[in-house]
Amino acid sequence: MSRVNFGAKPIMFPQPVLIIATYDEKGVPNAMNAAWGITTDYKEITISLSHHKTTENLELRKAFTVSMATEDQMVSCDYVGIESALDVPNKFEKAGFHATKSEYVDAPLIDELPMALECRVKSYEDDILIGEIVNVSADESVITDGKIDPKKLKPITFDPANNAYIGLGEKVGDAFKDGAKLK
């Protein structure tokens, strides 16, 4: 095997494309695109976020939702990542998004994105947001046999090596089962 070195860069596959939604001081919904996030415990998500209108809203409301960006909404999801609500206060609306208030936290669910984690802020220090996952909700359109169906959801992943979005591929195995063949 011959390796090529790229230096110290945040390249890891897959990187989920997360759309973080909050309400501002006037109750106006806002959304931003973030790629550097991961579940870090059974009921916890951690996201790297520098200063944004979203972080101001997090300080104020102590709540947010995290939706999975989808193939169907890729353009809108990219838009909320390249435009700042500090410059365009109605960027949520310009993205074509509509909001429904979460039943569990003081944050909006994005109607056009069918799956979301509804979270309370546990902490936000040194550009690291840690949220407690209070609920996961999904539209019935992405449910098969009572479970979220990735083929119906069509989440996208961020390709940091090529600055691209990629759809998920086919199932290649069964977690917590296939490895048992080597026991």
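The following paragraphs examine the structure supplied in this document. (Residues numbered from 1 in each chain as written. Predicted model: local features only at pLDDT ≥ 70, side-chain atom pairs only at ≥ 80, totals over all residues. Heavy atoms only, no water.)

## Focus: helix 2 (residues 74–82)
Where we set the bar: The buried label goes to any residue with under 20% of its type's maximum accessible area, the exposed label to any with over 50%, and the partly exposed label to all in between, with areas taken from a 1.4 Å probe on protein chains only. Put simply, DSSP marks the helices as runs of H or I at least four residues long and the strands as runs of E at least two long, and each gets a number from the N terminus on. Taken from the helix axis, the directions to the C-beta atoms give the arc we talk about. Here, two residues are considered to be in contact whenever any of their heavy atoms come within 4.5 Å of each other.
Taken together, the buried positions of helix 2 are Ser76, Cys77, Tyr79 and Val80. Take helix 2 and look down its axis: the buried residues cluster within an arc of 155°, on one side only. In helix 2, the exposed positions that point more than 90 degrees away from the buried face belong to Val75 and Ile82. On its buried side, helix 2 packs onto strand 2 (18–23), strand 3 (29–34) and helix 3 (91–94).

## Topic: the nonpolar core
Inclusion rule: The set of buried Ala, Val, Leu, Ile, Met, Phe, Trp, Tyr and Cys residues whose side-chain atoms join them within 4.5 Å is what this entry labels a nonpolar core.
Judged by nonpolar contacts, the single largest core of 20 residues is most densely connected at Ile45, Ile47, Leu49, Phe64 and Val66. Contributing elements (two or more residues each) for this core: strand 2, strand 3, strand 5 (44–48), strand 6 (63–68), strand 9 (115–125) and strand 10 (128–138). The greatest single-element share of this core, amounting to five residues, is contributed by strand 9. One finds Val17, Ala31, Cys77 and Ile156 within the second-largest nonpolar core, a separate group that totals 17 residues.

## So, the state of the cysteines
Formally: Cysteine sulfur atoms are paired as a disulfide whenever they come within 2.5 Å of each other.
For the coordinates displayed, the defined rule picks out zero disulfides. In this structure Cys77 is a free cysteine whose sulfur lies 16 Å from that of Cys119, the closest cysteine sulfur available. You can call Cys77 buried: its relative accessible area is 1%.

## With respect to the pattern of salt bridges
Which entries qualify depends on this criterion: We count a salt bridge whenever a side-chain nitrogen from Lys or Arg sits within 4 Å of a carboxyl oxygen from Asp or Glu.
Across all of its chains, the model carries 11 salt bridges by this definition. Its salt-bridge partner being Glu59, residue Lys62 comes within 3.9 Å of it at the nearest N-O pair. According to the relative accessible area criterion, Glu59 is partly exposed, its value standing at 42%. Among the salt bridges present, the one from Lys181 reaches Asp178, with a minimum N-O distance of 3.9 Å. The exposure class of Asp178 is partly exposed, given its relative accessible area of 26%. A network of salt bridges, in which partner residues are shared, links Glu25, Lys53 and Glu56.

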